[in-house]
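Understanding the architecture of this molecule
Letter by letter, the chains look like this.
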Amino acid sequence: MEQARFQVAPFDPKPDPAWLNVDFWKGTLMRVIVTGDLLRNTGQNQMAESDQAKNVDWLKSVLDMPFAGIADIEVEVLISRNQNAVFDRLGCYSALGRDVTIEDWCEIYEGKNNEIDILVDFIGPYFENCQVIISHEAPPYLFRIAQKIGVKIIDVGVAPLRFSSDYILGLRSNDVASMSLIEKCSMRPMEFHDAVHTRVALSHSRAHPLNIENGVLFVGQMDIDASLIQGGSIPKPIDVLNALELTSAMYGRVYYKPHPNNNNTSWLRKICNEREDFIWINRNIYDTLVLDDWSRVISFSSSVVKEAPFFRKKADRMLKDNDIWPYFDGDVDNFIGTESEMPNYAYISNKTFFSSGFWAGLLQCVCQNYIECYRAGLVKRTLVEKWGF
C-alpha cells in the first residue's frame with residue numbers, strides 16, 4: 001500500500017486541500033537558502049556584522065519548526081558576518097564601485113539602474129544549485145536577481161497590522177503557483193474584527209481623549225527604514241519639515257506623533273514648541289487612533305496608515321511607489337492591492353504559517369508529519385518587540 005503524503009495528526013484529519021494541489025519536487029534533496037537584504041547598511045562599522053543577520057537568523061529559527069515535518073530539504077543561511085563573511089558585502093559594494101554608506105545602499109536598493117547586471121553577476125553564484133530562496137523582507141533588487149537567475153523566492157515580512165496580541169506575517173513570491181497558494185490561504189479583513197474591538201476596549205479603559213477638533217495626525221518614523229526609500233533616497237529632516245508644512249497648508253493644525261524608538265527628534269520637538277500649527281504628542285499610538293477624532297492620519301510610510309482604517313480613520317501614505325502591503329478600505333471580505341511594481345504581500349495567519357502542511361505545499365515537498373507549531377504570542381515574543389498591543 002502506498003504511503004500517504006501526509007501523516008495527519010488526529011486533531012486535524014483533513015488538511016486544507018489547497019496545500020495538496022501541487023506538483024511535487026522531483027529531485028532527491030531541495031536546497032533552500034534563507035537570506036535578507038544582503039547590502040543593507042545603517043551607518044555602522046563597515047566590517048561589522050550586517051544588522052539584518054539577527055532577522056535572517058530569526059527567520060531560519062522559526063522556519064525550523066514547521067520544516068521539521070517536511071522531507072528532503074536542506075536549509076542554509078546567507079548573510080554577511082564580520083570579517084568571516086558568508087556573504088562578501090564589502091566585495092559587492094566594491095564591484096559596484098560604491099562605498100558602504102547609507103546613501104549608496106538607498107541608491108542600490110530598488111535595483112532599477114544598470115547596476116542590476118553587476119548584482120546578478122556577484123550575488124547570483126551564491127544561489128547556485130538553490131531551488132528556493134526564502135527571504136526576510138526582500139529588497140526589490142533581490143527579487144530582480146531571483147527573476148534573472150530563474151530561482152523561486154518566497155518573501156516573509158512582519159505585517160503592518162500590529163494591534164493584535166501577536167504580530168502576524170505576510171508572504172509573497174515571484175512564482176505564480178506559489179503566489180496562488182499564498183492568496184488562497186490568506187486572511188480577510190473580517191478576521192481582524194476581534195483584535196480591533198479588543199484594542200478599542202483597552203484604550204477606553206486606560207486613557208482619555210485629547211479632545212481634538214479637525215486635527216490631522218502625522219505619524220513619525222525611524223530616520224533609517226527600508227520603507228522610506230523611494231527614488232534612491234530617504235527623506236531628510238528638511239523633507240520631514242516640508243511634509244509637515246504641506247500637511248498644515250492643506251488641513252490646518254498638525255499633531256506630530258514621534259516613533260517611540262527614534263531618539264533623534266529633539267530638533268523637531270523644538271520647532272513644534274515654537275509654532276501654533278504643529279503640536280507634539282507622545283502617547284501610545286493606538287490610544288491616539290482610537291480615542292481622538294482625527295480628520296486624517298498621514299505618514300511617509302508608517303505601518304499606522306495601514307491600521308488607521310480599521311479604527312475608521314482616513315489615512316494617506318505619502319510614499320506610494322514602494323507600498324507592498326494591501327490595505328483595508330471598509331470591505332470586510334477583501335484587502336485592496338497596491339500599484340507597486342513589486343509583488344504585494346498577502347496576510348497569513350500564524351496558524352497557517354507555522355503549519356508543516358502549508359510549507360510543504362509552497363516548497364512542493366512531501367510532508368512526512370503534519371504539525372502545527374504556533375503558540376499564542378510566539379512571533380512577538382521571539383522578535384523581542386514591544387511595539388503594538
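One structure accompanies this document, and this report is about it. As the structure is a computational prediction, the values presented were derived from the model and not from experiment. (Residues numbered from 1 in each chain as written. Predicted model: local features only at pLDDT ≥ 70, side-chain atom pairs only at ≥ 80, totals over all residues. Heavy atoms only, no water.)

Digging into helix α14 (residues 356–363)
The line we're drawing: Only protein chains enter the accessibility calculation, which uses a 1.4 Å probe; a residue is then buried when its area is under 20% of its type maximum, exposed when over 50%, and partly exposed in between. The way it works is that DSSP assigns letters per residue, a run of H or I at least four long becomes a helix, a run of E at least two long becomes a strand, and they are numbered from the N terminus. Any pair of N or O atoms that falls within 3.5 Å is considered a polar contact. Within protein, one atom must be able to donate a hydrogen and the other to accept it, and sequence-neighbouring residues count only if both atoms are side-chain atoms.
For α14, the tally of buried residues reaches 8 of 8 residues, placing the bulk of the element in the interior. Within the sequence span of α14, burial applies to Ser356, Gly357, Phe358, Trp359, Ala360, Gly361, Leu362 and Leu363. Among the residues of α14, the N-terminal cap falls to Ser355, whose side-chain oxygen and the backbone nitrogen of Gly357 are separated by 3.2 Å.

A closer look at a nonpolar patch on the surface
Rule in force here: Candidates for patches are residues over 30% relative accessible area with no salt bridge; among them, like charges are joined within 9 Å and nonpolar side chains (Val, Leu, Ile, Met, Phe, Trp, Tyr) within 5 Å. Method for areas: the Shrake-Rupley scheme with a 1.4 Å probe, in which residue coverage is limited to the protein chains shown. Here a salt bridge means any side-chain nitrogen of Lys or Arg lying within 4 Å of a carboxyl oxygen belonging to Asp or Glu.
A contiguous nonpolar patch, built from Leu246, Met250, Tyr251 and Met318 and spanning about 360 Å² of accessible area, is present on the exposed surface. When you line up the elements, Met250 lands in helix α9 (residues 237–251). When its relative accessible area of 53% is taken as the criterion, Met250 is described as exposed.

A short note on the nonpolar core
For clarity, the cut-off: Buried Ala, Val, Leu, Ile, Met, Phe, Trp, Tyr and Cys residues form a nonpolar core when they are joined through side-chain atoms within 4.5 Å. Throughout, a contact is declared for two residues whenever any of their heavy atoms are within 4.5 Å.
Residues Leu119, Ile134, Leu171, Trp359 and Leu363 are the most contacted members of the largest nonpolar core, which totals 120 residues. It is helix α2 (residues 53–67) that provides the largest number of residues to this core, a total of 7 residues. Setting aside chain neighbours within four positions, we find Trp359 in contact with Leu63, Pro66, Phe67, Ile70, Ile134, Ile154, Val156, Leu171 and Phe353.

A few points about helix α7 (residues 176–184)
In plain terms, the rule: It is the directions from the helix axis to the C-beta atoms that the arc portrays.
All of the buried residues along α7 are Ser178, Met179, Leu181 and Ile182. Down the axis of α7, the buried set is contained in an arc of 160 degrees. They therefore lie on one face. Opposite the buried face of α7, by more than 90 degrees, sit the exposed residues Val176, Ala177 and Lys184.

Some words on the environment of Val196
Counting through the fold element by element, Val196 comes out in helix α8 (residues 193–206). For Val196, a relative accessible area of 9% gives the class buried. For the pair Val196 and Phe310, spaced 114 residues apart in the sequence, the C-alpha separation amounts to 6.9 Å. If sequence neighbours within four positions are ignored, Val196 has contacts with Phe163, Phe310 and Phe311.

Examining the packing of α2 against α14
Rule in force here: Here the axes come from fitting lines to C-alpha atoms, over the contacting stretch only for helices, and the angles between their N-to-C directions go from 0 to 180 degrees. Working definition: roughly parallel below 35 degrees, roughly antiparallel above 145 degrees, roughly perpendicular at 65 to 115 degrees, and oblique for all remaining angles. The residue classification treats Ala, Val, Leu, Ile, Met, Phe, Trp, Tyr, Cys and Pro as nonpolar and Asp, Glu, Lys and Arg as charged. All others, Gly included, are polar.
Where α2 contacts α14, the two axes come as close as 8 Å, and the packing angle between them is 100 degrees. One way to sum up the angle between α2 and α14 is to call them roughly perpendicular. For the pair α2 and α14, contact is made by Leu63, Pro66 and Phe67 and by Ser356, Trp359 and Leu363, respectively. Considered class by class, the residues forming the contact of α2 with α14 number 5 nonpolar, 1 polar and no charged.

Overview of the sheet that holds strand β7 (residues 254–257)
As a general point, the strands of a sheet are linked pairwise by backbone hydrogen bonds and lie either parallel or antiparallel. To keep things clear, this is the line we draw: At least two bridges found by DSSP between two strands are what make those strands a pair.
Strand order in the open sheet formed by 5 strands is β8-β7-β6-β9-β10, and the pairing between neighbours is parallel. A strand with exactly one partner marks an edge of an open sheet, and here the two such strands are β8 (278–280) and β10 (315–317). When the angles between neighbouring strand axes are averaged without regard to direction, this sheet yields 25 degrees. When strand β9 (residues 296–299) meets β10, the two strands line up parallel, connected through 3 bridges. Of the residues in β10, the one forming a bridge with Ser299 is Arg317.

Considering the sheet that holds strand β5 (residues 169–173)
A sheet is described by the order of its strands in space; here 6 strands give the open sequence β2-β1-β3-β4-β5-β11, paired in mixed fashion. Taken across any chain shown, the strands that pair with only one partner, and hence form the sheet edges, are β2 (73–77) and β11 (346–348). Taking each pair of neighbouring strands and ignoring which way they run, the sheet shows an average axis angle of 25 degrees. Looking at chain direction, strand β4 (residues 152–158) and β5 are connected through 5 bridges and run antiparallel.

Quick notes on unusual backbone geometry
Phi at Asn129 takes a positive value of approximately 60 degrees, unusual for a residue other than glycine. The topology assignment puts Asn129 in the loop between α5 (115–123) and β3 (132–136). When its relative accessible area of 59% is taken as the criterion, Asn129 is described as exposed. Residue Gln364 is not a glycine yet carries a positive backbone phi of 60 degrees. Topologically, Gln364 is positioned in the loop between α14 and α15 (378–383). In this structure Gln364 comes out as partly exposed when scored by relative accessible area, which is 26%.

Some remarks on the packing of α5 against helix α6 (residues 140–149)
Working note: a packed helix pair is described by the angle between its axes plus the distance between those axes. We count it as follows: Note: crossing handedness is left-handed where the near helix turns anticlockwise from the far helix by less than a right angle, and right-handed where it turns clockwise.
Where α5 contacts α6, the two axes come as close as 10 Å, and the packing angle between them is 70 degrees. Considering their axes alone, α5 and α6 lie roughly perpendicular with respect to each other. Where α5 crosses over α6, the handedness of that crossing is right-handed. Two secondary-structure elements touch here, α5 through Ile116, Asp117, Leu119, Val120 and Ile123 and α6 through Tyr141, Arg144, Ile145, Lys148 and Ile149.

Details of the side chain of Asn344
With respect to the helices and strands, Asn344 occurs in the loop between β10 and β11. A distance of 2.9 Å separates a polar side-chain atom of Asn344 from the backbone nitrogen of Thr338. Those residues in contact with Asn344 that lie beyond four places of it in its chain are Leu171, Arg172, Met179, Asp323, Ile324, Trp325, Pro326, Gly337 and Thr338.

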